[in-house]
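Results of the structural survey
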Amino acid sequence: MKITINKEEAKFLVRIADTSLILGQRMAEMCSKGPYLEEDIAMSNASLDLFGRAEEMYKIISKIEGNQFSEDDYVFHRNEREYYNIKLVEQPNVDFAWTMVRQYFYDVYAKEVYTQLLQFENSEVKGLAEKVLKEIKYSHSKSKNWLYRLGLGTEESNNRLQIAVDHLLKYVSELFNWDDLDKKYFINCDQIETQWNTEIDSVFEEINIKRKEVPPLSMRDCRDGFHSEHMGHLLSIMQYLPRAYPDAKW
Amino acid sequence: MDKFEEAFNKIIEKDRKVEPRDWMPEKYRQTNIRQISQHAHSEIIGMQPEGNWLLRAPSLRSKQVLLAKIQDEAGHGLYLYSVAETLGISRQEMIAQLQSGEAKYSSIFNYPTVSWADIGAVGWLVDGAAIVNQVSLQRTSYGPYSRAMVRICKEESFHQRQGYEIMCSMAFGTAEQKEMAQDALNRFWEPALMMFGPHDSDSVHKGQSMEWKIKRESNDHLRQRFIDRTVPQAQYLGLTIPDDQLKFNEETQHWETGPFNWDEFWNVVKGNGPCNQERIDHHIAAHKDNEWVREAAAAYAAKTELEVA
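Residues numbered from 1 in each chain as written. Chains lettered and ligands numbered in written order. Predicted model: local features only at pLDDT ≥ 70, side-chain atom pairs only at ≥ 80, totals over all residues. Heavy atoms only, no water.

So, about the overall build of chain A. The helix and strand tally for chain A stands at 10 helices and 0 strands. When the helices and strands of chain A are listed from N to C terminus, the series reads α-α-α-α-α-α-α-α-α-α. Its C-alpha radius of gyration of 18 Å places chain A within 12% of the 18 Å reference for a compact globule of 250 residues. Considered along the principal axes of its C-alpha atoms, chain A spans approximately 55 × 40 × 35 Å. (Helix = DSSP H or I, 4+ residues; strand = E, 2+ residues; numbered from the N terminus. Rg over C-alpha atoms; globule rule 2.2 N^0.38 Å.)

Here's what the structure looks like:
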């Protein structure tokens, strides 16, 4: 099955859907691995929100594309180079600090992204954005709280947080490499970047975390379907069943 | 008999509920702690065999349903730990007992889930067996446990339907899918029946628990109810129950099974099942790997409380 996405609007939206999906999959890995039961349940919740968000967006994309493919087709039958999520969300759960920094970086970004989608022409996208923003508001306050706990908790937690931040910052500049599609559909690309930087800088200052200079990176862009090495492994696990049994219905 | 014991006996006799503030015999307290914490641990360890397929669920829908189900189980575990805490034991103590092997959990979770059909079989058979037991426990004499069961049963029946739905799509799917469904039933049937525990003639905890109305119906009685309910469901799926002595007794109107392999049951309970070590190791690893997170949260809480004060 060769999945195609032809309409510009769909090509733009699939980036957002893919980002939710892949982060949902990463968060699902944390099930039964939380620091305590309450947090385990909370991480499953976050994952459920992200999958739900992705599913609804794929449905909208499918409609825009004339119902050629189902939401499951988009999820289970595209190869690595046909995925357009930001690389940040495919980074692994090295420890709890990585999980929370990745989530917080995403939440701050997604908050502005979905706020701008409230002005989207397609009313279904608008409706979805309204619902998603409620989820993000909660997720954002939760991930931010964890950054405070880890940053200001113990020396060890501050160190681990700093390491996670240093690694994950590498994948942030890509968020703001706006192309023509972004510029066409976002109301104000620069504002997404400004908002992100303003919040991160002010929080980092309060929690005793340094934001190191990230040099210009020779890294190909997610908008062209380029990913880190982690992505292939993630997809091969996620897509295994429908690929191994192409005739089966689940 | 002093007046406290008399009051306690009266509660049991009148079929009322024992509440945390009430006096109770030490053995009643201990039996409840043992049973409730074992139940809580089962919910928590049970997350693992299902979690084994979470990342490989074959559709967005099945992924979300499975995740929600595992999350429910975590919630049940949390709820049951809280119930046990009303009897004077802390969650930390219970978790330490689980990790040291002092406390048990349902032996069924020591079996591996090796195909997607196993996720169906676990929901259908394991949750199905659990519900039969838990419905009966809604009438248990310890109030908080009884109320927990009422709430938990509502979610469990959804879990069983979810499992049966997977079995339907597998059994009515391609030849390969049907084969996976049959294979899952072959492996989970007998362990699911043994979840009800030893035969009444061999059950060590039976007598006193029944008298105190902690347990309301016998193992064999509950097991029979499950068998009678489940055999027609397997027939509807077109699957064969792996028991060549299985037959319907027209007189009693019950399904009769062949003998179970109790040697295997006890061997798995003793720790020699396929995944006993893996389940506990996983739990310990998650606990240890995150010790620094709990310390950080505690340190932060202590600091911010000072600031507030």
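Looking now at the overall build of chain B. Helix and strand content of chain B: 13 helices and 2 strands. Computed over the C-alpha atoms, the radius of gyration of chain B is 21 Å, within 12% of the 19 Å expected from 2.2 N^0.38 for a compact globule of 309 residues. Dimensions of chain B, computed from the C-alpha atoms along their principal axes, are close to 65 × 50 × 35 Å. When burial is assessed residue by residue, chain B has 55% of its 309 residues classed as buried. Summed over its atoms, the accessible surface of chain B is roughly 14,000 Å², and 51% of this surface lies on carbon and sulfur atoms. (Buried < 20%, exposed > 50% of the residue type's maximum accessible area, 1.4 Å probe, protein only. Areas by Shrake-Rupley, 256 points an atom, 1.4 Å probe, with all protein chains shown as cover.)

Contact residues are listed per partner, giving 49 residues for chain A and 42 residues for chain B. Regarding the contact of chain A and chain B, the summed buried area is about 3,900 Å², with carbon and sulfur atoms giving 71% of it. Contact with chain B buries surface across chain A, with Leu37, Leu48 and Trp250 of chain A losing the most and accounting together for 17% of the total. Between Glu38 of chain A and Arg91 of chain B there is a salt bridge; the shortest N-O distance is 2.5 Å. In this structure, the connection of chain A to chain B is made through 14 residue pairs in polar contact (both at pLDDT 80 or more). Elements with a contribution of two residues or more to the side of chain A that touches chain B: helix H1 (8–28), helix H2 (37–64), helix H3 (71–76), helix H4 (96–117), helix H5 (123–152), helix H6 (155–168), helix H9 (230–238) and helix H10 (240–244) of chain A. In terms of residue count, H2 of chain A provides more of the side of chain A that touches chain B than any other element does, 12 residues in total. (Contact = heavy atoms within 4.5 Å. Buried area = accessible area lost by both parts, 1.4 Å probe. Salt bridge = Lys/Arg side-chain N within 4 Å of Asp/Glu carboxyl O. Polar contact = N/O pair within 3.5 Å; in protein donor to acceptor, adjacent residues only side chain to side chain.)

The next thing to look at is the layout of surface pockets. In this structure, the second largest pocket spans a volume of roughly 490 Å³. Forming the boundary of the second largest pocket are 20 residues, of which Pro35, Tyr36 and Leu37 of chain A together with Ile95 and His287 of chain B lie nearest the centre. Broken down by secondary-structure element, the contributors of at least two residues to the lining of the second largest pocket are H2 of chain A together with helix H2 (26–45), helix H3 (47–51), helix H5 (91–100) and helix H12 (276–289) of chain B. (1 Å grid on protein atoms, 1.4 Å probe; cavity = no way out; pocket = protein on both sides within 12 Å on 5 of 7 lines; lining within 4 Å. Points joined across faces, edges and corners; volume = space filled by probe spheres on them.)

Residue and element names in this part refer to chain B. The interhelical angle for the contact between helix H7 (residues 143–171) and helix H8 (residues 175–194), taken along N-to-C directions, is 135°, at an axis separation of 7 Å. As far as their axial angle goes, H8 and H7 are oblique. For the pair H7 and H8, contact is made by Met167, Ser169, Met170 and Ala171 and by Gln177, Lys178, Met180 and Ala181, respectively. (Axes fitted to C-alpha atoms, helices over the stretch in contact; angles between N-to-C directions. Parallel < 35°, antiparallel > 145°, perpendicular 65-115°, else oblique.)

The next subject is the environment of Asp281 of chain B. The topology assignment puts Asp281 of chain B in helix H12. Residues Asp281 of chain B and Ile131 of chain B, 150 residues apart in the sequence, show an inter-C-alpha distance of 28 Å.

Residue and element names in this part refer to chain A. Considering all chains together, one arrives at 0 disulfides over all chains under this definition. No disulfide involves Cys189; its sulfur sits 13 Å from that of Cys222, the nearest cysteine. In this structure Cys189 comes out as buried when scored by relative accessible area, which is 9%. (Disulfide = S-S within 2.5 Å.)

This next bit is on the packing of H1 of chain A against H4 of chain A. Residue and element names in this part refer to chain A. Contact pair H1 / H4: the axes reach a minimum separation of 12 Å and the direction vectors enclose 150°. One finds that H1 runs roughly antiparallel with respect to H4. Judged by the twist between their axes, the crossing of H1 over H4 is left-handed. Across from Phe12, Ile16, Thr19, Ser20, Leu23, Arg26 and Met27 in H1, the residues of H4 making contact are Thr99, Met100, Arg102, Gln103, Tyr106, Val113, Tyr114 and Leu117. Along the lines of polarity and charge, the residues of the contact of H1 with H4 split into 9 nonpolar, 4 polar and 2 charged. (Left-handed = near helix turned anticlockwise from the far one by under 90°. Nonpolar A, V, L, I, M, F, W, Y, C, P; charged D, E, K, R; others polar.)

The nonpolar side chains of a soluble globular protein tend to be buried, and buried together. All names here are of chain A. Residues Leu21, Tyr58, Phe105 and Tyr114 are the most contacted members of the largest nonpolar core, which totals 179 residues. The biggest single contributor to this core is H4, with 14 residues. Setting aside residues up to four positions removed in sequence, Tyr114 forms contacts with Ile16, Ser20, Arg53, Tyr106, Ala129, Val132, Leu133 and Ile136. (Core = buried A, V, L, I, M, F, W, Y, C linked by side-chain atoms within 4.5 Å.)

All right, on to the side chain of Ser218 of chain B then. Inspection of the secondary structure puts Ser218 of chain B in the loop between helix H9 (206–211) and helix H10 (219–237). Apart from the residues within four sequence positions on either side, Ser218 of chain B is in contact with Asp200 and Met210 of chain B.

All names here are of chain A. Secondary-structure assignment places Ser62 in helix H2. Judged by its relative accessible area of 5%, Ser62 is buried. Each C-alpha atom of the pair Ser62 and Tyr171 lies 29 Å from the other, and the pair is 109 residues apart in sequence. Excluding residues that lie within four positions of it along the chain, Ser62 makes contacts with Asn67, Gln68, Phe69, Ser70 and Tyr74.

The next subject is helix H4 (residues 60–85) of chain B. Think of an α-helix as turning once every 3.6 residues; residues three or four places apart then point the same way. The terminal C-alpha atoms of H4 of chain B lie 38 Å apart, and with 26 residues this matches the ideal 38 Å at 1.5 Å per residue to within 8%. Judged by how many residues are buried, H4 of chain B sits mostly within the fold: 20 of 26 residues are covered. (Expected span 1.5 Å × (residues − 1).)

Right, let's get into the pattern of salt bridges. By the definition in use, this model includes 31 salt bridges over all chains. Note that Lys131 of chain A is salt-bridged to Glu135 of chain A, the shortest N-O span being 3.1 Å. Linking Lys131 of chain A with Glu135 of chain A, this pair stays in helix H5, spanning 4 residues, or about one helical turn. Judged by its relative accessible area of 14%, Glu135 of chain A is buried. Here Asp118 of chain B and Arg187 of chain B are joined by a salt bridge, their closest N and O atoms 2.8 Å apart. With a gap of 69 residues between them, Asp118 of chain B in helix H6 (residues 116–137) and Arg187 of chain B in helix H8 connect regions that are remote in the sequence. Residue classification places Asp118 of chain B among the buried residues on the basis of a relative accessible area of 0%. Via salt bridges that share partners, Arg15, Asp179, Asp182, Asp221 and Arg223 of chain A belong to a single interconnected network.

The next subject is the environment of Asn6 of chain A. Residue and element names in this part refer to chain A. Among the structural elements, Asn6 can be located in the segment before H1. With relative accessibility at 51%, the residue Asn6 sits in the exposed group. Placed 170 residues apart in sequence, Asn6 and Phe176 show a C-alpha to C-alpha distance of 23 Å. Dropping the residues within four chain positions of it, Asn6 is found in contact with Lys11, Glu65 and Gln68.

With that settled, consider empty space enclosed by the protein. All names here are of chain A. As enumerated under the stated definition, the model contains 3 cavities of 30 Å³ or more in all. Arg15, Ile16, Thr19, Ile86 and Tyr109 are, among the 16 residues lining the largest cavity, the residues nearest its centre. Listed by contribution, the elements that provide at least two residues to the lining of the largest cavity are H1 and H4. Top element by residues in the lining of the largest cavity is H4. It accounts for 5 residues.

Purely geometric stuff here, so don't read any function into it on its own.
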